[in-house]
Amino acid sequence: MQIAQLYQIYKEFPKVCTDTRQISKDCLFFALKGDNFNGNSFADQALEAGAKYVVIDDKNFYREDPAFILVEDVLAALQDLARFHRKHLKMPFVGITGTNGKTTSKELLNSVLSQKYHTYATKGNLNNHIGVPLTILSLTEDIEIAIVEMGANHVGEIAFLCGISQPTHGFITNVGKAHLEGFGSFEGVMKAKGELYDFLRDHQGQIYVQGDNEYLMQMAADRDLKDVIHYGFSEQNDIQGGLVVADPYLTIFWNEKGEEERQEVKTHLTGAYNIENMLAAVALGKTFGLSTEQINDGLSNYVPQNNRSQITKTKKNTIIADYYNANASSMAAALSNLDVIQADRKVAILGDMFEMGDQSEIEHRKVIEKAKSLKLDRLIFVGKAFYALKDDEASFFASTDELKKELQEHPLEDYMILLKASRGMAFEKLMEVL
């Protein structure tokens, strides 16, 4: 079936699903394949659950039925359909990528822009070669601004996702040492993330650059970018701001270049590293004509979720839950934030960082040294990578379950506790005993 024909079916039944556990009535089920499953085998189950059509690419599961659509490659068909749909959408698209802070930046920007516009932002972490097409196929013509998060762990992925989403505006939050196994080096990370700058430059898009980030500024200079708005901490930026207080929630200030009056905003965020994410949202808010009051309301009303810079008060402690993801740069930022937060007693519980490749030992050792340089009451490291570097100056545990057992027997009480680790460390188990 040609994409134009499939698009006509999609227009009549504009709901797309790839998981039989989340089938909605009259949706199009795309039978994707994975390492451990073949979505084609679930075609009949999808129809029984209420799907209108099933898109498959395995003739062994095809039968003569109008509800079956046979294509050469289901994933390619999903991506092509999203690309085709994008061409029919006229609203601005904001593309966001970066090593750290993509999701928080996306949510902050959505909170700000939704004060004036009907917006749609990437749900959860649907930011890859499957998630971005699903995001685009969720967009209806009444959406006024789309916000698309794009992630990558190999060179070329951001360029590919830009080809599908066609962003008109965009920014890179930062570049750091994540997914080094896929990128090969830090230079590989810079090249991959810079693909967003390349696309926006080549398509006359609006680019926003953190003007105090030497790597982003160098990446912008190398590409001779023209239409650039700068945000950051120093006065030469178009949008300038900084920290007022972290107690532990951030109060920040911001103002436009040349304006003496500065705005102060109390937020529900922790982590000074989030200030630049907020300033990016301010810059885009100004571009899209929001009032100062609307921008401030959007920043102050945003409440983080999904264990990203999320503060939780238990019966015993105050927890900074930041264990959705971790890499060398986000670990350093989280520790710096814990250092400046006002609290009488502080503990850092840090878990292994995954996908660090041959840099794993070096980067885990750097985290240990950074943590030891701060004035913290206790340091606890968890996971095989950290445990291999154990010494007598901190507490080391080989697994999250081992630490959980220790905390059950010897509880921590009346502390400000940072929980930071890669998602696979399952640090949510520790919340039960903290």
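As the structure is a prediction and not an experimental result, all values here were calculated from the model.

## Looking at the UniProt feature "domain: Mur ligase N-terminal catalytic" (unreviewed entry) in the protein chain
As recorded in UniProt, the sites labelled "domain: Mur ligase N-terminal catalytic" (unreviewed entry) are residues 16-85. Helix makes up 27% of residues 16-85 and strand 17%, and the two end C-alpha atoms of the span are 13 Å apart.

## Remarks on the sheet that holds strand β4 (residues 68-70)
Two strands in a sheet stick together by hydrogen bonds in their backbones, pointing the same way (parallel) or opposite ways (antiparallel). The parallel open sheet is built from four strands, whose spatial order is β1-β2-β3-β4. Each edge of the open sheet carries a strand with a single partner, namely β1 (16-17) and β4. Direction of pairing for strand β2 (residues 28-30) relative to strand β3 (residues 53-56): parallel, over a ladder of three bridges. Within β3, the residue paired with F30 across the bridge is V55. Sitting on the sheet, helix α1 (residues 3-12) is in contact with β1, β2, β3 and β4, with an inclination near 130° to β2. With respect to the sheet, helix α3 (residues 74-87) is in contact with β1, β2 and β3, its orientation differing from that of β2 by roughly 130°.

## Regarding helix α14 (residues 360-372)
Taking 1.5 Å of rise per residue, the 13 residues of α14 would be expected to cover 18 Å, and the 18 Å separating its terminal C-alpha atoms lies within 8% of that figure. Taken together, the buried positions of α14 are S360, E363, H364, V367, I368 and A371. Down the axis of α14, the smallest arc covering the buried residues is 145°, so these residues share one side. Buried-residue contacts for α14 involve α13 (328-340), β16 (346-351), β17 (378-382), α15 (384-387) and β18 (395-397).

## Topic: the pairing of strand β15 (residues 318-322)
With five of five residues buried, β15 is to be regarded as a mostly interior element. Judged by which residues are buried, β15 turns out to be covered on both faces: T318, I320 and D322 on one side and I319 and A321 on the other are all buried. Hairpin geometry of strand β14 (residues 310-313) and β15 is characterised by an intervening segment of four residues between the two adjacent antiparallel strands. Relative to strand β19 (residues 416-420), β15 runs parallel, the two sharing five bridges. The partner of A321 across the bridge, within β19, is L419.

## Considering helix α4 (residues 102-113)
Across its twelve residues, α4 extends 16 Å between first and last C-alpha, which sits within 8% of the 16 Å expected from 1.5 Å per residue. Counting buried positions along α4 yields eleven of twelve residues, so the element is predominantly enclosed. Turning to α4, its buried residues are K102, T103, T104, S105, K106, L108, L109, N110, S111, V112 and L113. Check the buried side of α4 and you find it contacts β5 (93-97), β6 (119-121), β7 (145-149), β8 (169-172), α11 (275-287) and α12 (292-301).

## What to know about the packing of α4 against α11
Contact geometry of α4 with α11 gives a least axis separation of 9 Å together with a crossing angle of 35°. Every pair of crossing elements has a handedness; the one defined by α4 and α11 is right-handed. Contact residues: α4 offers T104, S105, L108, L109, V112 and L113, while α11 offers N277, M278, A281, L284 and G285.

## Things to note about the sheet that holds β17
If you walk across this open sheet you meet the six strands as β14-β15-β19-β16-β17-β18, and the pairing is mixed. Only two strands of the sheet have a single neighbouring strand rather than two, namely β14 and β18. Put simply, the sheet's adjacent strands are angled 20° from each other on average, direction ignored. In this sheet, β17 lies alongside β16 in parallel orientation, the contact comprising five bridges. Within the sheet, the bridge partner assigned to V347 lies in β17 and is R378. With respect to the sheet, α13 is in contact with β15, β16 and β19, its orientation differing from that of β16 by roughly 170°. Here α14 sits on the sheet in contact with β16, β17 and β18, set at roughly 165° to β17.

## Overview of the packing of α4 against α12
At a minimum axis separation of 7 Å, α4 and α12 run at an interaxial angle of 135°. In this view, α4 runs oblique relative to α12, as classed from their interaxial angle. Crossing geometry of α4 relative to α12 is assigned as right-handed. For the pair α4 and α12, the contacting residues are L108, S111 and V112 in the first and I295, G298, L299 and N301 in the second.

## With respect to the nonpolar core
Counting 50 residues, the largest nonpolar core has F30, F93, M150, V175 and Y197 as the members making the most contacts within it. Membership of the second largest hydrophobic core comes to 33 residues, among which are I96, L113, I275 and A283.

## Brief notes about the environment of K59
Note on placement: K59 falls in the loop between β3 and β4. For the pair K59 and S395, spaced 336 residues apart in the sequence, the C-alpha separation amounts to 56 Å.

## Here's the deal with the packing of aromatic side chains
Per the counting criterion, the structure on display carries nine aromatic pairs. Centre to centre, the rings of Y62 and F68 are 6.2 Å apart; their planes meet at 85°, and the pair counts as edge-to-face. For F68, a relative accessible area of 5% gives the class buried. On the basis of an interplanar angle of 75° and a centroid distance of 6.3 Å, the ring pair of Y117 and F288 is categorised as edge-to-face. Placement of the pair is Y117 in the loop between α4 and β6 and F288 in the loop between α11 and α12, with a sequence separation of 171 residues.

So, how was this worked out
Residues numbered from 1 in each chain as written. Predicted model: local features only at pLDDT ≥ 70, side-chain atom pairs only at ≥ 80, totals over all residues. Heavy atoms only, no water. UniProt positions renumbered as here; feature names shortened; annotations may be inferred. Helix = DSSP H or I, 4+ residues; strand = E, 2+ residues; numbered from the N terminus. Pairing = 2+ DSSP bridges. Contact = heavy atoms within 4.5 Å. Axes fitted to C-alpha atoms, helices over the stretch in contact; angles between N-to-C directions. Expected span 1.5 Å × (residues − 1). Buried < 20%, exposed > 50% of the residue type's maximum accessible area, 1.4 Å probe, protein only. Arc of directions from axis to C-beta. Left-handed = near helix turned anticlockwise from the far one by under 90°. Parallel < 35°, antiparallel > 145°, perpendicular 65-115°, else oblique. Core = buried A, V, L, I, M, F, W, Y, C linked by side-chain atoms within 4.5 Å. Phe/Tyr/Trp six-rings, centres within 6.5 Å; stacked < 30°, edge-to-face > 60°.

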